[in-house]
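Here is how the chains run, residue by residue.
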Amino acid sequence: MRTGSVSWLSFINCCFWIFLCFNTYVVSSKCLEDQKSLLLQLKNSLNFSESSSMKLVSWDQRPSCCDWTGVTCDEQGHVTRLDLSGESISGGFDSSSSIFSLQYLEFLSLASNNFSSEIPSEFYKLKNLTYLNLSYAGFMGQIPKGISQLTRLVTLDISSLSYLTGLELKLENPDLRMLVEKLTSIKQLYLDGVTISAQGTEWGTALSSLSSLQELSMSHCNLSGPIHSSLSNLRHLSVIHLDKNNLLSTVPDFFVNFSNLTRLHLSYCGLSGGFPQNIFLLKTLTFIDISYNTGLSGSFPNFPLNGSLQTLVVSRTNFSGGLPDTISNLRNLSTLDLSYSQFSGRLLNSISKLSQLTYMDLSNNTFGGSIPSFGTAKKLTSLDLSNNLLSGEISSSGQFEGLKNLVSINLHNNSIHGSIPSSLFKLPSLRSIHLSNNQFSLLEEFSIVPSSVLNTLDLSSNNLSGPIPGSIFQLRGLSILQLS
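On a predicted model such as this, the values are computed, not experimentally measured, just so you know.

A. Structural view of the overall build of the protein chain. A tally of regular secondary structure across the protein chain gives five helices and 30 strands. Taken along its principal axes, the extent of the C-alpha atoms in the protein chain is 85 × 75 × 55 Å. For the protein chain, buried positions account for 49% of its 484 residues. The contacts in the protein chain between residues at least 6 apart in sequence include a share of 56% that link residues at least 24 apart. Here the protein chain has roughly 21,700 Å² of accessible surface; of this, 50% comes from carbon and sulfur atoms. With 29 positive and 33 negative side-chain charges, the protein chain shows a separation of 7 Å between the mean positions of the two kinds.

Structure, rendered in structure tokens:
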């Protein structure tokens, strides 16, 4: 009897809690009528494509606006999050919009639309915003002063493609300093494509007061150098994205002190001088791109064990020297691009230990010696070793065997000799083979994979002789064949 009483008591308690939870859910998910009215006014004021919309088009189909796609409410029924990104919204967007009456908003995204208007000045009314994303939304003209009054902002993204569209988005009045001076809580700041046109001292000192800043992205902003020493105050930076500016300066040594740095983008910046070698040794660094800085010189250090680097791009620089044997320590490396630089020396077998490689371009250097095995790089899709001083032979069961994901291989303009291995034609994903300008002497008969997708085969300018293998004519997808 006691057991039965306990069971019934447990059952009653369980039902009570289910009832309580259900009612709590109902209360918390029911939006207030004024909030619903404001959202419907907003919907009716916007021009959007119903066929492309995934959010606005469905509004008012459910009784509670808190259940509408892109809308989130607090427990009292106030709208706190509004995500209208990618809704194909076009046309004007002005200061009379009902969106500025949603006083409880903490999160607002209007990204990836086509408003084709200036950013309304009324954003200052949304005092509770911590996240504001207006990126790639077709805004133009001057960024309004009202945004500088959103002092709770943690994330601000006003990135633009104005340099492609011709609809310039700019920071003049307010300038960068006036925009950010009150944003003391900001951690992520993205202003890519916004015309700022400031000297290094000006934009550097403007940012230096943002002591909590973790991610800084200001590519294609018409910034000038040098990179000012005041930026060294931003000790919490994890992302620096300054590419496609006219910095015309050296890379400062204080970047080494950013102990949380994970991503460094400095391509197309007119950088010069020696690159601080110790930056490559930062334990947190996963991505570095300093390409297209022809005046920038440097060499690689001995990489530490268990390095975090996943992407290493120094193409079209004046970097020189060889690849250290310790490159094998970069076990997470997936992209390696050293093309059009001054690298030399042998390609060591240690490079074959990079099992996560998907893309490798060492072209247009003076690497010599034989080609190492890439058999462990099972994820490799593109390999370019063209225009070097490589020699030796390619074995039939060595360098490229088992690379089932390889799409392109380019060994053009080296001194490789011997037979062209038949194993190349068994790689199921291979679309392009460039072996021209070498010293290959024999193309043997080969068997092909029935599902072969090979469309380009360039064997020109070699020492080939003898008959053309009949198996070439079984490559049904071949569109380019060079045997000249």
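B. Structural view of the environment of Leu430. By the secondary structure assignment, Leu430 is in the loop between β26 (415-420) and β27 (432-434). Setting aside residues up to four positions removed in sequence, Leu430 forms contacts with Leu406, Val407, Ser408, Ile409, Leu424, Val453 and Leu454.

C. Highlighting the side chain of Ser159. Tracing the sequence through the fold places Ser159 in the loop between β8 (155-157) and α3 (162-165). Residue classification places Ser159 among the buried residues on the basis of a relative accessible area of 2%. Non-local contacts of Ser159, meaning those with residues more than four positions away in its chain, are made with Leu134, Ser135, Tyr136, Tyr190, Leu191 and Asp192.

D. Seen up close, the UniProt feature "domain: Disease resistance R13L4/SHOC-2-like LRR" (unreviewed entry) in the protein chain. The sites that UniProt annotates as "domain: Disease resistance R13L4/SHOC-2-like LRR" (unreviewed entry) are residues 95-291. Spanning residues 95-291, this segment combines 9% helix with 16% strand, and its end C-alpha atoms are found 43 Å apart.

E. Just the state of the cysteines, in detail. Counted under the stated rule, the structure contains two disulfides. Between Cys31 and Cys65 runs a disulfide, and the two sulfur atoms are separated by 2.2 Å. Residue Cys31 is found in the loop between α1 (2-29) and α2 (33-45), and its partner Cys65 is found in the loop between β1 (47-48) and β2 (71-73); the two are separated by 34 residues along the sequence. Here Cys66 connects covalently by a disulfide to Cys73, the sulfurs 2.1 Å from one another. Judged by the sign of its S-S torsion, about -100°, the cystine formed by Cys66 and Cys73 is left-handed. Neither residue differs from the other here; Cys66 and Cys73 are each classed as buried. Indicated for the protein chain is the disulfide connectivity 1-2, 3-4, based on numbering the bonded cysteines in sequence order. Free of any disulfide, Cys221 has its nearest neighbouring cysteine sulfur in Cys269, separated by 11 Å. With relative accessibility at 0%, the residue Cys269 sits in the buried group.

F. Highlighting a nonpolar patch on the surface. On the surface, Tyr136, Leu161, Tyr163 and Leu164 cluster together into a nonpolar patch covering about 400 Å² of accessible area. Structurally, Leu161 can be placed in the loop between β8 and α3. The class of Leu161 is partly exposed, set by a relative accessible area of 37%.

G. Here's a closer look at the pairing of strand β20 (residues 342-346). When strand β18 (residues 317-321) meets β20, the two strands line up parallel, connected through two bridges. Considered in β20, the bridge of Ser320 is made with Gln342.

H. Just the pattern of salt bridges, in detail. Enumeration over the complete set of coordinates arrives at four salt bridges. The residue Glu172 makes a salt bridge to Lys170 at a minimum N-O spacing of 3.9 Å. Classification of Lys170 as partly exposed rests on a relative accessible area of 24%.

I. Quick look at the pairing of strand β24 (residues 389-393). Side chains of β24 alternate between two faces, with Leu390 and Gly392 buried and Leu389, Ser391 and Glu393 left unburied. Of the strand pairs in this sheet, strand β22 (residues 366-369) and β24 are connected by two bridges, and their pairing is parallel. In the sheet register, Gly368 faces β24, and the bridge partner there is Leu389. In this structure, β24 lies alongside β26, joined through three bridges in parallel fashion. Each bridged residue has a counterpart across the sheet, and for Gly392 the counterpart in β26 is Ile416.

J. The packing of aromatic side chains, seen in detail. If you walk through the whole model with that rule in mind, you get 22 aromatic pairs. Ring centres of Phe280 and Phe319 lie 6.2 Å apart, and the angle between their planes is 90°; on these two criteria the pair is classed as edge-to-face. Of the two residues, Phe280 sits in the loop between β14 (272-274) and β15 (287-289) while Phe319 sits in strand β18, which places them 39 residues apart along the sequence. Relative accessible area serves as the criterion here: at 3%, Phe280 is assigned to the buried category. According to the relative accessible area criterion, Phe319 is buried, its value standing at 0%. Here the aromatic rings of Phe425 and Phe446 are separated by 3.8 Å at their centres, their planes lie at 10°, and the arrangement is stacked. Of this pair, Phe425 sits in the loop between β26 and β27 while Phe446 sits in the loop between β28 (439-443) and β29 (456-458), placing them 21 residues apart in sequence. As far as burial versus exposure is concerned, Phe425 and Phe446 are alike and both buried. Cluster of aromatic residues (ring-pair linked, three or more members): Phe275, Phe280, Phe300, Phe303, Phe319, Phe343 and Phe367. The ring of Phe107 carries the charged tip of Arg81 above its face, separated from the ring centre by 3.9 Å.

Each value, and the rule that gives it
Residues numbered from 1 in each chain as written. Predicted model: local features only at pLDDT ≥ 70, side-chain atom pairs only at ≥ 80, totals over all residues. Heavy atoms only, no water. Helix = DSSP H or I, 4+ residues; strand = E, 2+ residues; numbered from the N terminus. Buried < 20%, exposed > 50% of the residue type's maximum accessible area, 1.4 Å probe, protein only. Contact = heavy atoms within 4.5 Å. Areas by Shrake-Rupley, 256 points an atom, 1.4 Å probe, with all protein chains shown as cover. Lys, Arg positive; Asp, Glu negative; His and termini not counted. Charge placed at Lys NZ, Arg CZ, Asp CG, Glu CD. UniProt positions renumbered as here; feature names shortened; annotations may be inferred. Disulfide = S-S within 2.5 Å. Patch = residues over 30% accessible without salt bridge, like charges linked within 9 Å, V, L, I, M, F, W, Y side chains within 5 Å. Salt bridge = Lys/Arg side-chain N within 4 Å of Asp/Glu carboxyl O. Pairing = 2+ DSSP bridges. Phe/Tyr/Trp six-rings, centres within 6.5 Å; stacked < 30°, edge-to-face > 60°. Lys NZ or Arg CZ within 6 Å of the ring centre and 35° of its normal.

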